[in-house]
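This is what each chain is made of:
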Amino acid sequence: MSITSEAETSLAEQPAPNTAEAADGHQHVASGPSVTGETSTDRQRLHLALAVGNVFTWEVDLATDALTCSPNVAEILGFPVGPTLDSAMSLVHPDDRADLQQWFQRGTAGRPEFDAEFRLVHPQTGDQVWVRSRGCHVPVDGASDRFIGASQQITDQKRQEMHATFLTAIQRDLSGSADEEAIPRAVAERIARYFDFALLTLVEGDANGDPTTVIYRHGPDDGQTVDIVDAVQPAGTLVPSLRARQTVTIDDALLEPGELSGTAPFEGGAMRSAILVPSAGNRRWTLLLGGYRRQPCHWRKDEIETLEDVTARLRLRLERVRSEAARRASDMRYRTLTGSIAEGFCVIEMLFDDDGTPVDYRFLEVNPAFERQTGLRQVEGKRILEIAPAHEAHWFEIYGRVAITGEPVSFEQEATAIGGRWFEVDAVRLGDPANRHVAVIFRDITERKRADDAVRESEARLRRAIAIETVGVVFFRDDGVITYANDAFLRMSGYTTEDVGSGEVRWDTITPPEWMPRTREANEEFAGTGRMAPFEKEYLRKDGSRWWSLCAATRLDAREGVKFIIDITGSKRATAEQARLAAMVDFSRDAFIGTEVDGTITSWNPAATRLFGYTAEEAVGMNVLVLIPPGQAHERERIVDQLQRGEVPAPLETQRLRKNGSRIDVEIRPSHIRDAAGRLAGVAIVATDATERRRLERAQEDFLAMASHDLRSPVTVLRGRAQWMKRRKTYDEAGINVILDQARRIERLTDDLREIVRLEAGKIDLERTMIDLRKLVSDAADRLRIQQTTDRVRVITPAAPIAGLWDRDRIGQILDNLLENAAKYADAESTITVEVSRAENEARISVMDRGPGIAPAELSRLFDRFYRVDGAGAAGGLGLGLYISRMLVEAQGGRIWAESTLGQGSTFTATLPIAS
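Every value quoted in this text rests on a predicted model; they were computed, and no experiment measured them. (Residues numbered from 1 in each chain as written. Predicted model: local features only at pLDDT ≥ 70, side-chain atom pairs only at ≥ 80, totals over all residues. Heavy atoms only, no water.)

1. A look at the overall build of the protein chain
Rules: Every helix listed is a DSSP run of H or I at least four residues long, and every strand listed is a run of E at least two residues long, numbered separately from the N terminus. Here's how the labels work: a residue is buried when its accessible area is under 20% of the maximum for its type, exposed when over 50%, partly exposed in between, all with a 1.4 Å probe on protein chains only. Only heavy atoms enter the contact rule, under which two residues are in contact if any of them lie within 4.5 Å. Residue exposure ignores everything except the shown protein chains as possible cover, and the areas themselves are Shrake-Rupley values with a 1.4 Å probe.
Counting its regular elements, the protein chain contains 28 helices and 36 strands. When burial is assessed residue by residue, the protein chain has 44% of its 916 residues classed as buried. Across the protein chain, the fraction of contacts at a sequence separation of at least 24, relative to all contacts at a separation of at least 6, is 54%. Summed over all atoms, the accessible surface of the protein chain reaches about 46,800 Å², with 50% contributed by carbon and sulfur.

Right, here's the structure in full:
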């Protein structure tokens, strides 16, 4: 048994800290308008707003009977919900199950929207918990149907609504009758039905609060007497509490033995719980309401307060009916009652125009809570349009209808003229219909509405964020399954909503194998910290192609996370292209110079350093005029003028100055550098060293002269020998040998020229066979010995074969060229060494001589066409042998180069790949 005092009630009503379970699993505490905790994403804000608004989210899969709720469901409902829909439906109040099941059936039949209120039954206490659920049906391919939504625990609100409606009905019952005996009967039946009392008693006391008479009994006629009067006789221990207007409750008579346990209602366990509500005036109770239930129960604070309110109203009504002489005292008690409730209360007089249209109302009476709820002061006797001239006409229409028809109303409405406050209102006609009086009970629900608006706004913001076209947004579980993807991600990846719904899209299936280690690192970071720092990676599209992304993630709750993805494929390609162009510029043989319009150098590549001698650090910042010889500045002025007019200047052959002051022949090709507006921002200059080209031109001229000379000489010899033999008309063996030797010379020159044509046209026919390079080198050395009638060729080969798929004749031609070249330049007494070796997958041939050597400046041009080493010791010829050798080596996948030290000789090396 418990006694609820006014002090205890006041303490129980103190507000608890505003706590909410955030979506990331952490608890956040709100103080005032700010909320601490993780609020970095719209999703987190939504979850926090849901928690603050007593809301949890859920998802139902009818195919698997699976039910998934947000982690705060137990905190909001006061008890956990099972993992299946059946387990949840077992908690639904039996009267509400059919309606809820019909909704799911309507959802699968094509009516996806859902908005329902229903009751859940606490599995331990049996208390009813009211829930309002909003959701929708999300169809999925296959046999699965999924429903998602959000539910708000509205028990307090619902109870307040029901209590307000009940109190309105009670007030109507009390006001609608003046019969002393009919009033208790009418309200007792309504009270018993509303509070599910199996037995209800109304007992009156005398002026001292001592029990005297049972004025009404509502319950089964089972022959049991009502011993409540005996239980609360003056000698009983309950009397002090009742006299003090303290409500007495018994949750379970079997567990709480006391004075009432032995009374008739509890005999044989017929009743198990009870509540005694005294209503008093003058600090002595004069009316006692006793309510009994067959089952144990926990008496809630709102039930106790409502019963206290009902008992007080009943007592007041009875006192009014019994004694018109005591009307003033009753009115005072009535004012005391209305002044003690938290809701605002007022009595208004409706005012109508000549056409009977309600146009205003006057305040006749207000309670103290009226000012707190509305912010309006000293309104009694004033019209609302005097106080708030912009007050909306629909208020007049509603209250006018109540005054005329007598039908009570309950509604929610915004009063924009009174600070934009929202009110929950119950209105009922009061007294004589001709007076047009309306009693209004209302409660300020502005904060609740704002919370609802915040939830809707958060939902809208989240939808807008998810719908962004340039950022992919996906929700995923810890097992890697993507549960939702926005349109942007679907466009990036090539997958469809159906693919996502089927569970086909997972991180491991859309990640290339080489990116799995980095992805696992990111997932470990996410599992440990709840966040995934932004990083770049490649993904696989549905068609197997790849795309680059910048992605980051954050955790929403214990099992779910959200990832944001940006397609950076274009940026990657642009970066790669820029890097490629930069590499081309850096490794180009041409000098690239960027300048501003005034000539200040802004960029300088390595080729420019090689050409002009200035380093990039020296060149950048100085004016390009330092490279232009005196008297030639007009060339640049003409180029800039053409560029500003939008013309493309023609290439210019001129001279420029090196760092050491020497001049160099160059070809200049200028072009525009424009800003974002298309204006000329600078000049790009490509400078090519013309020295080599001019040298080649001279070499070509020399070649023509040499070719003419080399071909003319044997022809002259042939003509002379032939004429001599013709005049003598005799066979001359020596003459024939001369003719044959000169013919071979002509044949060799023409073969070299024909070979060049074929090589440069790409018409090289290679007949590859498996051959041992050692044998080819030995044969070439033997040929040189025979031709040169010398034995100064030394061959070094390994013991093991060095075999590969090569063209035997072409390799022999290369060896002949290298050996003949060495024989031309080597000292007459020095030895020519040919060495064959193997390095990894390459065969290497090195031909070394002890000749005069080659200058470093000429080494890089040895293998150019028509190039011959200048100098006193240079041998004659067209300069084609080494060029042909290079072409033949490269045609077989190899390389060739020369190394030399002046006065010590040269080494020519060729490598060939050894393929399986």
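Moving on from the model shown.
2. Examining the sheet that holds strand 34 (residues 842–849)
Put simply, the rule reads: DSSP bridges decide pairing: two strands pair if at least two such bridges lie between them. Axes here mean lines fitted to C-alpha atoms, for a helix over just the part in contact, with angles spanning 0 to 180 degrees between N-to-C directions.
One open sheet holds the five strands; their spatial order is 31-33-34-36-35, and the pairing between them is mixed. Looking along the sheet, the strands with just one partner apiece sit at the ends: strand 31 (793–796) and strand 35 (895–901). Put simply, the sheet's adjacent strands are angled 15° from each other on average, direction ignored. Relative to strand 34, strand 33 (residues 832–839) is paired through seven bridges, and the arrangement is antiparallel. If you follow arginine 838 over to strand 34, its bridge partner there is alanine 843. Each of strand 31, strand 33 and strand 34 is contacted by helix 25 (residues 773–788), which is oriented at about 175° to strand 31, the strand it contacts most. Along the sheet, helix 26 (residues 808–825) makes contact with strand 33, strand 34, strand 35 and strand 36 (905–913), crossing strand 34 at roughly 20°.

3. Description of the environment of valine 836
Note on placement: valine 836 falls in strand 33. As a C-alpha pair, valine 836 and valine 847 span eleven residues in sequence and 9.2 Å in three-dimensional space. Apart from the residues lying within four places of it in its own chain, the contact partners of valine 836 are Leu773, Val777, Ile796, Thr797, Pro798, Ile802 and Arg844.

4. A closer look at the pairing of strand 5 (residues 55–61)
Counting buried residues along strand 5, five of its seven residues qualify, which places the element largely inside the surrounding structure. Pairing of strand 5 with strand 9 (residues 145–153) involves seven bridges; the strand directions are antiparallel. Pairing of tryptophan 58 across the sheet is with glycine 149, part of strand 9. Both strand 5 and strand 6 (residues 66–69) contribute to a ladder of four bridges, which runs antiparallel. Residue pairing across strands places valine 60 opposite leucine 67, the latter belonging to strand 6. Hairpin connection from strand 5 to strand 6: four residues lie between these consecutive antiparallel strands, with aspartate 65 at a positive phi of about 60°.

5. A few points about the nonpolar core
Test applied: We define the nonpolar core as a collection of buried residues of types Ala, Val, Leu, Ile, Met, Phe, Trp, Tyr and Cys that are connected through side-chain atoms lying within 4.5 Å of one another.
Core analysis: the biggest nonpolar cluster contains 39 residues, and Leu773, Trp806, Ile811, Ile832, Leu862 and Phe908 have the highest contact counts within it. When residues of this core are traced back to their parent elements, those giving at least two are helix 25, helix 26, strand 33, strand 34, helix 28 (881–891), strand 35 and strand 36. It is helix 26 that provides the largest number of residues to this core, a total of seven residues.

6. Some words on the environment of phenylalanine 195
Take phenylalanine 195: it is sitting in helix 7 (residues 182–195). When the C-alpha atoms of phenylalanine 195 and arginine 293 are compared, they prove to be 9.1 Å apart, with 98 residues separating the residues in sequence. What phenylalanine 195 contacts, discounting residues up to four positions off in sequence, is Phe166, Arg293, Glu303, Thr306 and Leu307.

7. Looking at the sheet that holds strand 27 (residues 652–657)
The antiparallel open sheet is built from five strands, whose spatial order is 26-25-29-28-27. Two strands bound the open sheet, and with one partner strand each, they are strand 26 (601–604) and strand 27. Neighbouring strand axes in the sheet, compared pairwise and without regard to direction, differ in orientation by 35° on average. The sheet contact formed by strand 25 (residues 591–596) and strand 29 (residues 680–689) spans six bridges and is antiparallel. Note that in strand 29 the partner of threonine 595 across the bridge is valine 683. Sheet strands in contact with helix 22 (residues 633–644) are strand 25, strand 27, strand 28 (663–674) and strand 29, and its direction is about 130° off that of strand 29.

8. Observations concerning the pattern of salt bridges
What counts here: Here a salt bridge means any side-chain nitrogen of Lys or Arg lying within 4 Å of a carboxyl oxygen belonging to Asp or Glu.
Overall, the coordinates contain 45 salt bridges when judged by the stated rule. Among the ionic pairs, glutamate 424 bridges to arginine 448, the shortest N-O distance being 3.7 Å. Placement of the pair is glutamate 424 in strand 18 (residues 421–430) and arginine 448 in helix 15 (residues 446–466), with a sequence separation of 24 residues. Taking relative accessible area as the criterion, glutamate 424 reaches 11% and is therefore assigned buried. Among the charged side chains, a network of salt bridges with common partners joins Arg159, Arg293, Arg300, Asp302 and Glu303.

9. What to know about the side chain of aspartate 96
Examined against the element boundaries, aspartate 96 turns out to sit in helix 5 (residues 94–108). On the accessibility criterion, aspartate 96 (12% relative accessible area) is buried. Once residues within four sequence positions are removed from consideration, aspartate 96 is found in contact with Phe118 and Arg119.

10. Topic: unusual backbone geometry
Of note in the backbone geometry, aspartate 196 takes a positive phi value of approximately 60° without being a glycine. Checked against the element boundaries, aspartate 196 lands in the loop between helix 7 and strand 10 (199–205). At glutamate 840, a position not held by glycine, the phi torsion is positive, near 55°. Note on placement: glutamate 840 falls in the loop between strand 33 and strand 34. Note on glutamate 840: relative accessible area 74%, which makes it exposed.

11. Side note on the packing of aromatic side chains
Here is the rule: Each Phe, Tyr or Trp ring, with Trp reduced to its six-membered ring, pairs with another whose centre is within 6.5 Å; inter-plane angles below 30 degrees give stacked pairs, above 60 give edge-to-face pairs, and intermediate values give tilted ones. We call a charge positioned over a ring when the NZ of a Lys or the CZ of an Arg lies within 6 Å of the ring centre and within 35 degrees of the ring normal.
Scanning all chains against the criterion turns up 24 aromatic pairs. Measuring from centroid to centroid gives 5.9 Å for tryptophan 604 and phenylalanine 612, while their planes differ by 45°, and the two rings are tilted. Residue classification places tryptophan 604 among the buried residues on the basis of a relative accessible area of 9%. Site record: aromatic cluster; members linked through ring pairs are Tyr361, Phe363, Phe370, Trp395, Phe396, Tyr399, Phe411, Phe423 and Phe442. Here the basic side chain of lysine 449 rests over the ring of tryptophan 422, its NZ or CZ set 4.5 Å away from the ring centre. Looking at lysine 563, its charged tip hangs above the ring of phenylalanine 476, at a distance of 5.9 Å from the centre.

12. Comments concerning the environment of aspartate 567
As for its position among the elements, aspartate 567 is in strand 24 (residues 560–567). In this structure the C-alpha to C-alpha distance between aspartate 567 and leucine 550, which are 17 residues apart in sequence, comes to 6.6 Å. Those residues in contact with aspartate 567 that sit more than four places away from it in its chain are Met492, Arg541, Trp547 and Trp548.

13. What to know about the confidence of the model for the protein chain
Note: predicted coordinates in regions of low pLDDT should not be interpreted at a detailed level. The following threshold applies: pLDDT: the predictor's confidence for each residue, scored from 0 to 100.
Overall, the prediction assigns the protein chain a mean pLDDT of 80, with 78% of residues at 70 or greater. Below pLDDT 50 for its whole length, residues 5–39 participates in 50 contacts with residues either more than four positions away or in separate chains.

14. A look at helix 7
Quick note on the threshold: A helix's residues, less one, multiplied by 1.5 Å, set its expected span.
Between its first and last C-alpha atoms helix 7 spans 20 Å; for 14 residues at 1.5 Å apiece the expected length is 20 Å, and the two agree. For helix 7, the set of buried residues is Ala182, Ile183, Pro184, Val187, Ala188, Ile191, Ala192 and Phe195. Note on helix 7: the residue one or two positions beyond its end, aspartate 196, has a positive phi of about 60°.

15. So, the packing of helix 7 against helix 10 (residues 301–322)
Definition in use: When describing relative orientation, an angle under 35 degrees is termed roughly parallel and one over 145 degrees roughly antiparallel, while 65 to 115 degrees is termed roughly perpendicular and anything else oblique.
Helix 10 packs onto helix 7 with a crossing angle of 175° between their chain directions and a minimal axis gap of 11 Å. Overall, the two elements helix 7 and helix 10 adopt an arrangement that is roughly antiparallel. Within the contact between the two elements, helix 7 uses Ile183, Pro184, Val187, Ile191 and Phe195 and helix 10 uses Glu303, Thr306, Leu307, Val310, Leu314, Arg317, Leu318 and Val321.

16. Description of the packing of helix 6 (residues 155–175) against helix 7
Under the convention used in this document: By convention, the crossing between two helices is left-handed when the near helix turns anticlockwise from the far helix through less than a right angle, and right-handed when the turn is clockwise.
Where helix 6 contacts helix 7, the two axes come as close as 9 Å, and the packing angle between them is 165°. Compared by their axis directions, helix 6 and helix 7 come out roughly antiparallel. Note that helix 6 runs across helix 7; the crossing there is right-handed. Of helix 7, the residues touching helix 6 (which contributes Arg159, Met162, His163, Phe166, Ala169, Ile170, Asp173 and Leu174) are Ile183, Ala186, Val187, Arg190, Ile191, Tyr194 and Phe195.

17. Digging into helix 28
Because the α-helix completes a turn every 3.6 residues, residues three or four places apart line up on one side. Along helix 28, the residues classified as buried are Leu882, Tyr883, Ile884, Ser885, Met887, Leu888 and Val889. Among the residues trailing helix 28, glycine 893 stands out with phi positive, at a value near 85°.

18. Some thoughts on the pairing of strand 7 (residues 114–121)
Taken together, the eight bridges between strand 7 and strand 8 (residues 128–139) define a ladder with antiparallel strand orientation. The residue of strand 8 that forms the bridge with phenylalanine 118 is valine 131. Here strand 7 hands over to strand 8 after six residues, with glycine 126 in that stretch at a positive phi of 80°.

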